[in-house]
Amino acid sequence: MTSDAAVLLWGVASLLGTAVLAIALSRTPGSGTRLVYGLTLCVSVAALLVLAGRILEDPLTPSTAVLPLGLPWIGAHFRLDALSTFFLVVINFGGAMASLYGLGHGSHEPSPHRVLPFFPAFLAGMNLVVLADDAFIFLFSWEFMSLSSWALVIVHHRERENARAGYIYLVMASFGTLALLLAFGLLSGPGGNYTFEAMRAAGATPLVATFVLALMLLGAGSKAGLVPLHVWLPLAHPAAPSHVSALMSGVMTKVAVYGFIRVIFDLLGEPTWWSSIIVLFFGGLTAVLGILYALMEKDLKRLLAYSTIENIGVIFVSLGLALAFKANAMPSAAALALTAALFHALNHSFFKSLLFFGAGAVLTATGERDMEKLGGLIHKMPQTSFVFLVGCVAISSLPPFNGFVSEWLAFQAVLQSPDLPQWALKVMVPAVGGLLALSAALAAACFVKAFGITFLGRPRTSAVEQAHEADRYSLAAMFILAALCLLAGILPGFVIDGLSPVTLSLIGSRMPVQMAQPWFSIAPIAESRSSYNGLLVFVFIAISASAAVYVIHRFASHALRRGPAWGCGFADAVPGSQYTSVSFAQPIRRVFGTFVFRATERVEMPTPGDTGPARFNLEIHDVIWETLYLPIGKALDFATDHLNHLQFLTIRRYLTLVFLFLIVLLLVLALWP
C-alpha cells in the first residue's frame, strides 16, 4: 500500500511536470496560462484531500518514504507527521487559492512565460521543504524554493527597483541558507548523520543548543522576516505578481516558521528557559516595528508586506511563550501558546492572501499601488472593496473574525506568566504582552488607513474613475478566503481541536477539547477562568447592525435631506484636498517617528503676497538599513576594491599564495587539540 508521504511526493512530481509543461507552452500564453493554473489548482486540491483524509483518520502516526536520491550513503528521506500535515495544508490551500486567482488575474500578466514555469515549481519547493526528513533534502528544497521565488520576484527585471529587490532577496536567502547549513552541521555532530531521526535521538548539549537557536533565528528568521533580517521582504513582495506576493507573504513565511518549529521544538530536545527570552525579544520587536513601518507606507503592497512582518512577530512571541512554558514543565500553558502560534499562522495565510489578492485587483484595475492616487474605488469595485474590508477587519484582530481569536489565545498565554518561576520571565512576558497590545492597536489604525484611503472618498486620478471590477475567478478566490476568515472566527473550536495532534506530538499536551464546550464556546484553560463564543458575538453584531439599520430607515430616513457637502468655504474642493495616507499617519508618526524613523517635517510657507503654494516636506529614515546594512555594504565594497588586484597576479605569485595558505592550514591541523 502506498504511504501518504509517497502520494504527496507524486503531487510534487506533478507540480514539477506542470512547470516543464509551462515552458513548452510559453509560445501560447493565452491557453497556456489557464492550463498551468488549472493543473496547479487540481494538484493542490488533490493534496488537500489526501491531507484531510489523514487528519480524520490517524494524524499522529508518521508516514515515511525513502527514495534512492541525494547523498549516496543517506538517500532521500521524507516524513509526514502532525506538524508537517498542518503546514502542508497551509501551503496547498494557499496554492489552490493563488491558482484560482491566477486563472483570471494571470491573463493580465505582460510576461506570462516568466511566471508560469516558476509558479508550480515554487509550490513544489515549499511542499518538499515540509516533507523533508533529512538535512540534505531540507536544504536542497529550501534553496529550490528560494531560487524559484527569486525568479518570480524578478519577473519584471527591467524595472530598476525590481532588479534591486531580487538582488537583496538573493543575498538574504543565501545568508539564511548558510545559517541553516551550519545549524544542521552542529545537530548532526561528529557522526555526520544528516537524518532528522538521528538528530532527534542524539539530542544536543546546552552549548550546541545555544548555537543552533542563534543560527535558526538567523536562517529561518531571515526567510520569515524577523527584525532586523526583514529588509528583503518589503522590496520583494511588492515586486512579484500579486498572486505570487500572496504566496510569498501568506505561505512561504510559514514554511520558515515550520523550519524553526521543526528544529527548536522537535530536533533540539528540551529547551532552556532563557532561550525563550531571546525569541520573545525578537518577536515583540518585530511585531511593533513591522506595523510602525506599515503605518508610514503609502504603497499598498509595501504596506501589506510590512504588516506581514508584524504578524510574524506575533507568531514568534507565541512560540517564545511556548518555549518558556515547555522549559518549566507547564505543558497545558505551552500547548495553549503553541496553538496560538499555529492558529495565527493559519489565519495570516487566509487574510494576507485575501489582502494581496485585493491589492492585485486594484493594481489591475487602476495601474496604481500608490494610495495617494487612489480613492473612491468602493463605487467602481464594490465586491472587491467588501472582501478587502473583511480582510482589513480580520487582520486588525477585531471580532468576530479569525485574527481576534488567535491573538486572544496569545494574550491568554501571556496571562499564565505569573506561574513561571524565573523573575526574568515574570517581567519579560508582560512587557512583551504590552508590545502585542500596542501592535494590535496600531494594526487597526493601519488598516483603517489602507481601506479608507484606497476605497473611500473621491477618486484622485482619472485611472480610478475608469476602474472596473475584478474578474470572476479572482472574486471567487477572495470570497472563499473572506468566508474562511469569518468561519474560523465564529467556530474556532474546530480549528483548535484540529491543531491538537501537533501540540501533542511536540509538547506532549493539548488544549482541552473545545467541541465538548456548550454552544461552540472555547475555553483555553477552563471555562471558569476565561471563555469566548465567536458565534454568539457574530449573532449579536448581526442583530445589532440589522436593528440599527431598520431603526434608521424606519424612523429617520424621512427626515433626511440631501444637499451639497459643506466645503469649508471652497465651492468645489479638489480630490487632492482629502485626507491622504501621509496625513492620516501624522499623529502616530509624531509619537514614534523621531525615535524609530528619525523623521523630520519641514513646512515652507510662501512669503506675504506670493500666490505660490505652501510646501510640506517629510523625511523618514530606515534606521536599521542605514545603521546595519549600509556599513556592511560599504565594508564589502572596500574589501572588494582592495582585493580586486588579486585577479591580476602572475602565476608565480598565485603559487606563492597557495603555498602560504597550505602552510597555514597544516599549522591549524597540527595545533588543533
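Residues numbered from 1 in each chain as written. Predicted model: local features only at pLDDT ≥ 70, side-chain atom pairs only at ≥ 80, totals over all residues. Heavy atoms only, no water.

1. Looking at the pattern of salt bridges
- One pass over the structure, following the stated rule, counts 12 salt bridges.
- A salt bridge links Arg262 to Asp81; its shortest N-O distance comes to 3.0 Å. Linking Arg262 in helix 11 (residues 242-267) with Asp81 in the loop between strand 2 (76-80) and helix 3 (82-105), this pair joins segments that are 181 residues apart in sequence. Both residues of the pair, Arg262 and Asp81, belong to the buried class.
- Put simply, Arg79, Asp81, Arg200, Arg262 and Asp266 are held in one network by salt bridges that share partners. (Salt bridge = Lys/Arg side-chain N within 4 Å of Asp/Glu carboxyl O. Helix = DSSP H or I, 4+ residues; strand = E, 2+ residues; numbered from the N terminus. Buried < 20%, exposed > 50% of the residue type's maximum accessible area, 1.4 Å probe, protein only.)

2. Quick word on the nonpolar core
- Membership of the largest hydrophobic core comes to 209 residues, with the highest contact counts inside it found for Met126, Phe138, Phe184, Met248 and Phe260.
- Per-element accounting of this core gives the leading share, 21 residues, to helix 14 (residues 331-366).
- Residue contacts for Met248: discarding those within four places in its chain leaves Phe122, Ser149, Val153, Tyr169, Trp232, Ala236, His237, Ala240 and Thr253. (Core = buried A, V, L, I, M, F, W, Y, C linked by side-chain atoms within 4.5 Å. Contact = heavy atoms within 4.5 Å.)

3. Points about the packing of helix 14 against helix 21 (residues 492-506)
- Viewed as axis vectors pointing N to C, helix 14 and helix 21 meet at an angle of 120 degrees, and their least axial separation amounts to 9 Å. The orientation of helix 14 with respect to helix 21, classified from their angle, is oblique. Of the two elements, helix 14 crosses helix 21, and the hand of that crossing is right-handed. Where helix 14 abuts helix 21, its residues Ala335, Leu338, Thr339, Leu342, Phe343 and Leu346 lie against Pro492, Val495, Ile496, Leu499, Val502, Thr503 and Leu506.
- Here the contact of helix 14 with helix 21 is composed, by residue class, of 11 nonpolar, 2 polar and no charged. (Axes fitted to C-alpha atoms, helices over the stretch in contact; angles between N-to-C directions. Parallel < 35°, antiparallel > 145°, perpendicular 65-115°, else oblique. Left-handed = near helix turned anticlockwise from the far one by under 90°. Nonpolar A, V, L, I, M, F, W, Y, C, P; charged D, E, K, R; others polar.)

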